Amino acid sequence: MSVAAILTTVIMWLVFIAGFAFCFSRIGKGGKWED
Amino acid sequence: MAKAAVRERWASRPLFIFAAIGSAIGLGNVWRFPYLTYEYGGAAFLIPWIIGLIIMGVPWMVLEFGMGRFFQKSAPGIFEGIGKKWEWLGWWPVFVAFLIVSYYTVVMAWALRYVISSFNVAWGVGAAGAEGAVPYYLENVLNISDGAGVLGGLQWSIVGFLALTWIVVFLIVFKGAGVIGKVAVWTVTIPWALLVILLIRGLTLPGAVTGLEYYLSPDFSQLTNVEVWFAAFSQIAFTLSLGMAGMFAYGSFVAKKADITNSAFITSFANCATSFFAGFAVFSTVGFMMQALGVPVGEVASGSSIGMSFMTYPVAISMMPAANALIGVLFFLCLFFLGIDSAFFLAYGGVIAPVMDKFGMSRVKATTWVCVIAFLVGLIYTTQGGLYWVDMVDRTAAFYGLLITGALACIVVGWGFGAAKLREHVNETSDIKVGAWFDWLIKIVVPAGLVFVVIVGGFMEDVPEAYGGYAVGTLSGSHIIWIILGVTLVLSFVFQAIKTKGVSGE
């Protein structure tokens, strides 16, 4: 694969991982499940 | 509108998120997204796609979850709560959802039919299979007629698999959100596992790297092309299962003190990560087909989910050097599982929950009625002319219906209910607080984006030229689209006019 395609793959997965990491790090900071 | 009894609840937050992810992930993630990425600049396409997700997809999802949680009702009850004159705007997406699930389950029935056909690769192996895949689908499976105006007879094998699909949907939804969440864990993770298997198979085929080059190589000059932004925003509009009433209901099952925004972010990211991942499985196989058949990428890849699923991928299965039958079975099972959670989302969140709320029907009764009527309506798509009607109704509901009702909902919520009020409501209990920018996204950006897509991708194409070249008597494909859309709008006002005083749910 070309360098550009590999870079795209790596960057996109980093974006997703960063997004998930942010979301999961926030769990419990505001909402509670039970009423 | 009936007064709500104690609202049913998701058993846990993860189960709610799994159910929402399952509803969002469908065939479009596997076929449409990878194709658009290849078509519109490879990696460059991912930039407007991510921007569209953040400024349009996530706020729209927060709106639907948040309004559902605020009113503790499904779509019609929410809009009635905003103002009695708006209840129809809650019913319109309900009819949209009904239309979509009526044909979506037929596509799943085709997938089940192919699971059986795959055991002996009934369309052929090797070069014979490559030539036989399309005729097998059109002639053996569909027995397709000459046009939309020629319905012909029912295809009984498809009718049988359609009935089976609806029985599965009924068994999942008749006990409500508690069971739906538990089932969704499986219907989300099984397709993920199957996609991993298909990816491994794809990557080990000759030519796979060539396909991935087409998928990912960036062409940043495309970013100045309006069509690329249109494609990215339209993909976001279609991929999250918004505008179909169901997410309002799913939001209404969320506990009053539970998070909204973080769940919307996780659902959206998971949906989009699945799309990106599926692209590797698809384009590694596309590269293999290009090499095996000696054809350019344009002759292999297309944005049609049905065409790629039932005409193109079977060719790849035929040409594979080994394990053709196994890959065929796994692939079509993957399609079925990708579809089933979208189907029970549309059926339950989209239609059954609103019917229960309005008419105070028991869940079992409402589920039975909806499943039976949707099955009967779905029979039209099992006729010899069914494929043409799937295409027209898909254009009506999953394009026009979804976008128009979505845009109107954002406008009424943003300006009528108040975007700031919604923001304050979700911020009270959410893990991620949204700022005042959210208000403007809901009031202007999201509806403008949806209207942009419906005008550029819809009216500008279907008004000057008849959609799909279809003709039913003197009516063209476009006429039929406007008629169905108009009928659903009228029905929405009829349902608004019906007075009820029952108590919903159980």
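Below, the structure is looked at part by part. (Residues numbered from 1 in each chain as written. Chains lettered and ligands numbered in written order. Predicted model: local features only at pLDDT ≥ 70, side-chain atom pairs only at ≥ 80, totals over all residues. Heavy atoms only, no water.)

Let's talk about the overall build of chain B
A count of helical and extended segments in chain B gives 19 helices and four strands. Within chain B, buried positions represent 65% of all 506 residues. A separation of at least 24 residues holds for 85% of the contacts in chain B among residues at least 6 apart in sequence. Approximately 16700 Å² of chain B is accessible, and the part contributed by carbon and sulfur atoms is 69%. Counting 25 positive and 25 negative side-chain charges, chain B places the averaged centre of each group 19 Å from the other. (Helix = DSSP H or I, 4+ residues; strand = E, 2+ residues; numbered from the N terminus. Buried < 20%, exposed > 50% of the residue type's maximum accessible area, 1.4 Å probe, protein only. Contact = heavy atoms within 4.5 Å. Areas by Shrake-Rupley, 256 points an atom, 1.4 Å probe, with all protein chains shown as cover. Lys, Arg positive; Asp, Glu negative; His and termini not counted. Charge placed at Lys NZ, Arg CZ, Asp CG, Glu CD.)

What about the environment of Ile180(B)?
Residue and element names in this part refer to chain B. Locating Ile180 in the fold gives a position in helix α9 (residues 177-203). By relative accessible area, which is 0% here, Ile180 ends up buried. Expressed as a C-alpha distance, the spacing of Ile180 and Phe18, which sit 162 residues apart in the sequence, is 9.5 Å. Not counting residues within four places of it along the chain, the set of residues in contact with Ile180 comprises Trp10, Ala19, Ile172, Val173, Tyr250, Phe344 and Tyr348.

Digging into the interface of chain B and chain A
Across the boundary between the two partners, chain B contributes 37 residues, which contact 24 residues of chain A. For the pairing of chain B and chain A, the buried interface totals around 2400 Å² over both sides, and the portion due to carbon and sulfur atoms is 74%. Our count for the chain B to chain A interface comes out at zero salt bridges. Run the count over chain B and chain A and you get five residue pairs in polar contact (both at pLDDT 80 or more). Among the secondary structure elements, those contributing two or more residues to the side of chain B that touches chain A are α1 (13-24), α4 (46-71), α10 (208-216) and α13 (261-293) of chain B. Per-element accounting of the side of chain B that touches chain A gives the leading share, ten residues, to α13(B). In the side of chain B that touches chain A, the residues fall into 24 nonpolar, five polar and eight charged. (Buried area = accessible area lost by both parts, 1.4 Å probe. Salt bridge = Lys/Arg side-chain N within 4 Å of Asp/Glu carboxyl O. Polar contact = N/O pair within 3.5 Å; in protein donor to acceptor, adjacent residues only side chain to side chain. Nonpolar A, V, L, I, M, F, W, Y, C, P; charged D, E, K, R; others polar.)

Focus: helix α6 (residues 87-118) of chain B
With 32 residues, α6(B) extends 47 Å between its outermost C-alpha atoms, agreeing within 8% with the 46 Å of an ideal straight helix rising 1.5 Å per residue. Counting buried positions along α6(B) yields 31 of 32 residues, so the element is predominantly enclosed. (Expected span 1.5 Å × (residues − 1).)

Observations concerning the packing of aromatic side chains
All names here are of chain B. Tallying each qualifying case throughout the model produces 64 aromatic pairs over all chains. Residues Trp123 and Tyr136 carry aromatic rings whose centres are separated by 6.0 Å and whose planes lie at 50° to one another, so their mutual orientation is tilted. A residue pair is termed long-range when its members are at least 10 positions apart, and Trp123 in the loop between α6 and α7 (127-141) and Tyr136 in helix α7 qualify at 13 residues. Here the two residues Trp123 and Tyr136 agree in accessibility, since each one is buried. The positively charged end of Lys443 is found above the aromatic ring belonging to Trp415, 4.5 Å away from the centroid. (Phe/Tyr/Trp six-rings, centres within 6.5 Å; stacked < 30°, edge-to-face > 60°. Lys NZ or Arg CZ within 6 Å of the ring centre and 35° of its normal.)

Examining unusual backbone geometry
All names here are of chain B. The backbone phi angle of Val121 is positive, close to 40°, even though this residue is not glycine. By the element assignment, Val121 lies in the loop between α6 and α7. Not every positive phi belongs to a glycine, and Ala245 is a case in point at roughly 75°. Here Ala245 lies in the loop between α11 (226-239) and α12 (246-252).

Topic: the side chain of Asp462(B)
All names here are of chain B. Mapped onto the elements, Asp462 comes out in helix α18 (residues 437-462). Asp462 sits in the buried class, given a relative accessible area of 3%. Side-chain polar atoms of Asp462 contact the side chain of Tyr400, separated by 2.6 Å.

Points about the environment of Phe98(B)
Residues and elements named next belong to chain B. In this fold, Phe98 is placed in helix α6. Relative accessible area serves as the criterion here: at 16%, Phe98 is assigned to the buried category. When the C-alpha positions of Phe98 and Ala397 are compared, they lie 8.9 Å apart, and in sequence the two are 299 residues distant.

Some remarks on the nonpolar core
Note that soluble globular proteins tend to have their nonpolar side chains buried in a common cluster. Ranked by size, the top nonpolar core spans 202 residues in total, and within it Trp49(B), Met67(B), Trp110(B), Tyr250(B) and Phe310(B) carry the most contacts. Beyond its immediate chain neighbours, meaning those up to four positions away, Tyr250(B) contacts Trp10(B), Phe16(B), Ala19(B), Ala20(B), Ile180(B), Phe344(B), Phe345(B) and Gly349(B). (Core = buried A, V, L, I, M, F, W, Y, C linked by side-chain atoms within 4.5 Å.)

Some words on a nonpolar patch on the surface
Residue and element names in this part refer to chain B. On the surface, Leu475, Ile483, Val487, Val490, Leu491, Val494 and Ile498 cluster together into a nonpolar patch covering about 510 Å² of accessible area. For the nonpolar patch, the element with the most residues is helix α19 (residues 477-497), which contributes five residues. With respect to the element layout, Ile483 can be found in helix α19. Classification of Ile483 as partly exposed rests on a relative accessible area of 43%. (Patch = residues over 30% accessible without salt bridge, like charges linked within 9 Å, V, L, I, M, F, W, Y side chains within 5 Å.)

Points about the pattern of salt bridges
Residue and element names in this part refer to chain B. In this structure the tally under the stated criterion is nine salt bridges over all chains. Across the salt bridge formed by Arg13 and Asp431, the nearest N and O atoms sit 2.9 Å from each other. Of the two residues, Arg13 is situated in helix α1 and Asp431 in the loop between α17 (386-429) and α18; the sequence distance between them amounts to 418 residues. With respect to burial, Arg13 and Asp431 carry one shared label: buried. For the salt bridge of Glu461 with Arg395, the shortest nitrogen-to-oxygen distance reads 3.7 Å. With Glu461 in helix α18 and Arg395 in helix α17, this pair connects stretches of sequence that are 66 residues apart.

Remember that the coordinates give geometry; whether it matters functionally is a separate question.
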